[in-house]
Amino acid sequence: MTSRLAAALGAFAILSCTAPPPAPPGPTAPANFDAATVAKGARLAATGNCVSCHTAQGGKPFAGGYALKTQFGTVHGSNITPDPETGIGGWTLENFTRALREGLSPEGHHYYPAFPYDYFTRLSDEDVAALYAFLMTREPVHAETPANHMLVPRVAVGIWKSKYFEPGRFQPDSSHDARWNRGAYLAQSLAHCSACHTPRTALGGEKREQYMAGGEADGWHAPALNRETPSPRAWNERSLTIYLSTGLTEGHAITAGPMAGVVQNLAHASHDDVGALAYYVVSLMRGATGSAASSVANAAREHPRGAAIYAGACGDCHDRGRAAEGGALELPEAIALSLPTPANLIHIVRDGIVPREHEAQPWMPAFSGALTAEQTTELVQYLRSVSGKPPWPDVAAEVRRIEGDSR
Amino acid sequence: MIELDVNGTRHRLDVPGDTPLLYVLRNDLQLNGAKFGCGLGQCGACTVIVDGRAVFSCITPVSALEGRRIRTVEGLGTVEKPGPMQRAFMEEQAAQCGYCIPGMMMRAQALLESQPGADEAQIRKALTPNLCRCGTHMRILRAVGRAAKLMGSKG
């Protein structure tokens, strides 16, 4: 063995004297990835929900162009298919690793942190390699990523990074078991749960001391996943695993808003990984204080007009409960009523819950045509009162804002 | 008493506020174009137009409709003088059993009034909430496309 290696090295030495210097390492050819690694990468990419931001509406998967609106302007998900000109076809594993872990392009410029490298930095070598194998074996799509419209120049991202970006791998917590650590690893790296579920500073940095205390995504509230969970019913590992992989579980509202895309992806993730995520998240929620006592009678007294709209527009389905045919969740159990802001409830009332094209999912009709802004406000105020929680401060303004956004 | 404006005519009605508009149209006003399909806003057979937007009349309580403009398929034309949407559906023979058609026409009408040059992708997207169990979707799409042209040529 040793002699063979020496012979090979000797042959290399001879060759390198006569041949031109070796070209810089290029990307690995698709044929050189083994199927198991690619399949693992596919499950990981689903866990990371990569496709949501790296696919334009109606566009080819991973070919980029999705416009992500942030408070700092609009940034477009890039083309991460292996097209050599417009995608990552020319990237080596080192280029890819540096992008994920340091937020730097092969040319060395900073990526906007809308690309969640502040989470991906914790990924293991093995998982980075599997993601690379998966992406490099996709169909190359020639698609130029549209220009970003950001108020902040790229160089300023360097300053942001120095304040908020902590590069480094995931450190397991030995006081917890392996499954918990697997869930924590995924939640804090690839799945980047806290990117939406943790509140942010005015500069867009995570408030780390409020980890998973509830944040914002695309105009929707992302509920707290720690002890402050506003969920009217406690989550357990089983219910959360089912929710994360199907969007629908007993006693909880169906998924809606940006989370719907996450769930659609998690359906293709490793089942063990989704279970570990649920196991970890449920541990964060342990010790939650529980919800306020709901009172339909009180709510109807306080908001008779909203109650009348509920009776005519919502009650036919929601009073029956899910067990009955055509029935829907009884609303005191719906988390949207118990959140710190009315945004999600307003979105759901106005736009319904509509599955993505070709997806078979429960369907809630939209009421934006049927109800005026004033009526929507009255209904939302009534439903808040049903939850037993204190009223939201300015529902009417929030309805106007959401109506303006969707126009 | 509730006052409703349906196809430009005012009606004073003595019905509970949570009564679905569909029941009032069919039972009190004898406007039987809108159909009862599922009663849950899942099929679209009951679709009418309120203030220019397509709505499911089976889940819209009349208490929400005072002072608003309601239009039903009867408002699009008559047997003698069908409107462009109705003519297009007849010319394309887009109905089989016909149960879904008034709802289809009203949703398509609302679309073409707000987006007169809607293309097929937009028409397909807009009609998503309306189901047809016979399977005349392709004819319905052609009919709406034809209606777009008829309505466009009228100015």
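As a reminder, the structure under discussion sits directly above these lines.
Description of the structure in this document. What you are looking at is a predicted structure, and each value in this text was computed from that prediction instead of being measured.

Thresholds, definitions, all that
- Residues numbered from 1 in each chain as written.
- Chains lettered and ligands numbered in written order.
- Predicted model: local features only at pLDDT ≥ 70, side-chain atom pairs only at ≥ 80, totals over all residues.
- Heavy atoms only, no water.
- Helix = DSSP H or I, 4+ residues; strand = E, 2+ residues; numbered from the N terminus.
- Expected span 1.5 Å × (residues − 1).
- Bend = angle between axes of the 7 residues up to and from the residue.
- Buried < 20%, exposed > 50% of the residue type's maximum accessible area, 1.4 Å probe, protein only.
- Contact = heavy atoms within 4.5 Å.
- Patch = residues over 30% accessible without salt bridge, like charges linked within 9 Å, V, L, I, M, F, W, Y side chains within 5 Å.
- Areas by Shrake-Rupley, 256 points an atom, 1.4 Å probe, with all protein chains shown as cover.
- Salt bridge = Lys/Arg side-chain N within 4 Å of Asp/Glu carboxyl O.
- Core = buried A, V, L, I, M, F, W, Y, C linked by side-chain atoms within 4.5 Å.
- Pairing = 2+ DSSP bridges.
- Disulfide = S-S within 2.5 Å.

Observations concerning helix H14 (residues 304-318) of chain A
Residue and element names in this part refer to chain A.
1) Next: The end-to-end C-alpha distance of H14, which contains 15 residues, comes to just 18 Å, noticeably less than the 21 Å that a straight helix rising 1.5 Å per residue would cover.
2) Next: Residue glycine 312 marks the point of greatest curvature in H14, where the axis turns by about 50°.
3) Next: Three or more residues of H14 are buried, namely Gly306, Ala307, Ile309, Tyr310, Gly312, Ala313, Cys314, Gly315, Cys317 and His318.
4) Next: Packed against the buried residues of H14 are helix H13 (296-302) and helix H16 (373-387).

Brief notes about a nonpolar patch on the surface
Residues and elements named next belong to chain B.
1) Next: Together, Tyr23, Phe36 and Tyr99 line one region of the surface with nonpolar side chains, adding up to about 280 Å² of accessible area.
2) Next: Along the polypeptide, phenylalanine 36 turns up in the loop between helix H1 (21-28) and strand E3 (47-50).
3) Next: Among the residues examined, phenylalanine 36 registers a relative accessible area of 37% and is labelled partly exposed.

Digging into the nonpolar core
1) Next: Membership of the largest hydrophobic core comes to 60 residues, with the highest contact counts inside it found for Phe96, Leu123, Leu131, Leu240 and Leu244 of chain A.
2) Next: If near-sequence neighbours (up to four positions away) are discounted, leucine 240 of chain A is found in contact with Trp235, Ala278, Val281, Val282 and Met285 of chain A.
3) Next: By size, the runner-up hydrophobic cluster in this structure holds 55 residues, among which are Ile348 of chain A together with Leu13, Val15 and Cys46 of chain B.

Some thoughts on the sheet that holds strand E3 (residues 149-150) of chain A
1) Next: With respect to topology, 3 strands assemble into an open sheet ordered E1-E2-E3 (chain A), the strand pairing being antiparallel. Each having just a single partner strand, strand E1 (67-70) and E3 of chain A make up the two edges of the open sheet.

Quick notes on the state of the cysteines
Simply put, disulfide is the name for a covalent bond between the sulfur atoms of two cysteines.
Residues and elements named next belong to chain B.
1) Next: The full count for this structure, using the stated rule, is 0 disulfides over all chains.
2) Next: With no disulfide of its own, cysteine 43 has cysteine 38 as its nearest cysteine by sulfur position, at a separation of 3.9 Å.
3) Next: What makes cysteine 43 buried here is its relative accessible area of 17%.
4) Next: Cysteine 134 provides the cysteine sulfur closest to cysteine 97, a residue in no disulfide bond, and the two sulfurs are 3.8 Å apart.
5) Next: For cysteine 97, a relative accessible area of 59% corresponds to the exposed category.

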